[in-house]
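# Structural features, examined
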Amino acid sequence: MSTSILFWCRTDVEGFERLELSVEPDVVTATSTVLCLEAGGFRLDHRWRLDPGWRAQSVTVERWNAQGYGLLHLERVGKGWRVNDIARPDLDGAEEPDLSVTPFCNTFPIRRTADEKGASLTLDTAFIDGPALAVARSSQRYDRQGPDRVRYVDLGLSAGFEADLVVDGAGLVLSYEHLFKRVTPGWFP
């Protein structure tokens, strides 16, 4: 088993994330806390369970903001998803969840995008708006620019948004143009 602690800061608004990632032979888990001033300010905790191929099996999101506490649980069931124990046929075939407040979930499709420059992966997602705790189907594409560079293209709910991502050897985001930058302890802006 290997455990890593990762930190990201937001580059568009004041915000910070601490994520603990554990990789075991039969499961990958992540537990994270995000503090952010976006949308009036919130704390959001998210917990992921992935299979050994880094395909999300479930994510639980807890949010605290001015409106109070909220909870959302998304779970893979066959080729579909359940949200708070209710089947969501509109999400059938969505390949991965995409949580708005973290670059962590970009790792799942990045790891499945072929390594050669020019490779591309298009997929539907179960997009989770973290501050609103709402889930909707969306589409996105990942275009490999090099071994450690990927271009993200939103084809769905935020169509027209694009960003360059720099990733480490595990496909975890180091920088996400316009939104996130990975930092190490002792770093100060």
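A brief look at the structure comes next. Values in this document were obtained by computation on a predicted structure and should not be read as measured data.

For the rest of this paragraph, the subject is the overall build of the protein. Tallying secondary structure elements over the protein gives 1 helix and 15 strands in all. A compact globule built from 189 residues should have a C-alpha radius of gyration of about 16 Å, and the protein, at 16 Å, falls within 12% of that. Across its three principal directions, the C-alpha atoms of the protein cover 45 × 40 × 40 Å. Counting all 189 residues of the protein, 47% fall into the buried class. As presented, the protein carries roughly 8900 Å² of accessible surface, and 53% of it is formed by carbon and sulfur atoms.

Moving on, we come to the packing of aromatic side chains. According to the stated counting rule, one finds 9 aromatic pairs in the structure shown. Judged by centre distance (5.6 Å) and plane angle (80°), the rings of tyrosine 176 and phenylalanine 180 are edge-to-face. Across the pair, exposure class does not vary: tyrosine 176 and phenylalanine 180 are buried alike. In this structure an aromatic cluster arises from ring pairing among Tyr142, Tyr152, Phe161, Tyr176 and Phe180. The ring centre of tryptophan 64 lies 4.5 Å from the NZ or CZ of arginine 43, which sits over that ring.

Positive phi is not limited to glycine here, since leucine 133 has a value of about 55°. A positive phi angle is found at histidine 178, which is not glycine, with a value near 80°. Note on placement: histidine 178 falls in the loop between strand E14 (173-176) and strand E15 (180-183).

Relative to the helices and strands, aspartate 115 is located in the loop between helix H1 (107-112) and strand E10 (120-129). The spatial distance from the C-alpha of aspartate 115 to the C-alpha of glutamine 145 is 9.1 Å, given a sequence separation of 30 residues.

Pairing of strand E6 (residues 68-77) with strand E7 (residues 80-83), which is carried by 4 bridges, proceeds in the antiparallel orientation. Looking at the pairing, leucine 74 lines up with valine 83 of E7. Counting the residues in the hairpin turn of E6 and E7 gives 2 residues, including glycine 78, whose phi is positive at 60°. As defined by bridge partners, E7 adjoins strand E8 (residues 86-87) across 2 bridges and the pair is classed as antiparallel. Looking across to E8, one finds that arginine 82 is bridged to alanine 87.

Cut-offs applied
Residues numbered from 1 in each chain as written. Predicted model: local features only at pLDDT ≥ 70, side-chain atom pairs only at ≥ 80, totals over all residues. Heavy atoms only, no water. Helix = DSSP H or I, 4+ residues; strand = E, 2+ residues; numbered from the N terminus. Rg over C-alpha atoms; globule rule 2.2 N^0.38 Å. Buried < 20%, exposed > 50% of the residue type's maximum accessible area, 1.4 Å probe, protein only. Areas by Shrake-Rupley, 256 points an atom, 1.4 Å probe, with all protein chains shown as cover. Phe/Tyr/Trp six-rings, centres within 6.5 Å; stacked < 30°, edge-to-face > 60°. Lys NZ or Arg CZ within 6 Å of the ring centre and 35° of its normal. Pairing = 2+ DSSP bridges.

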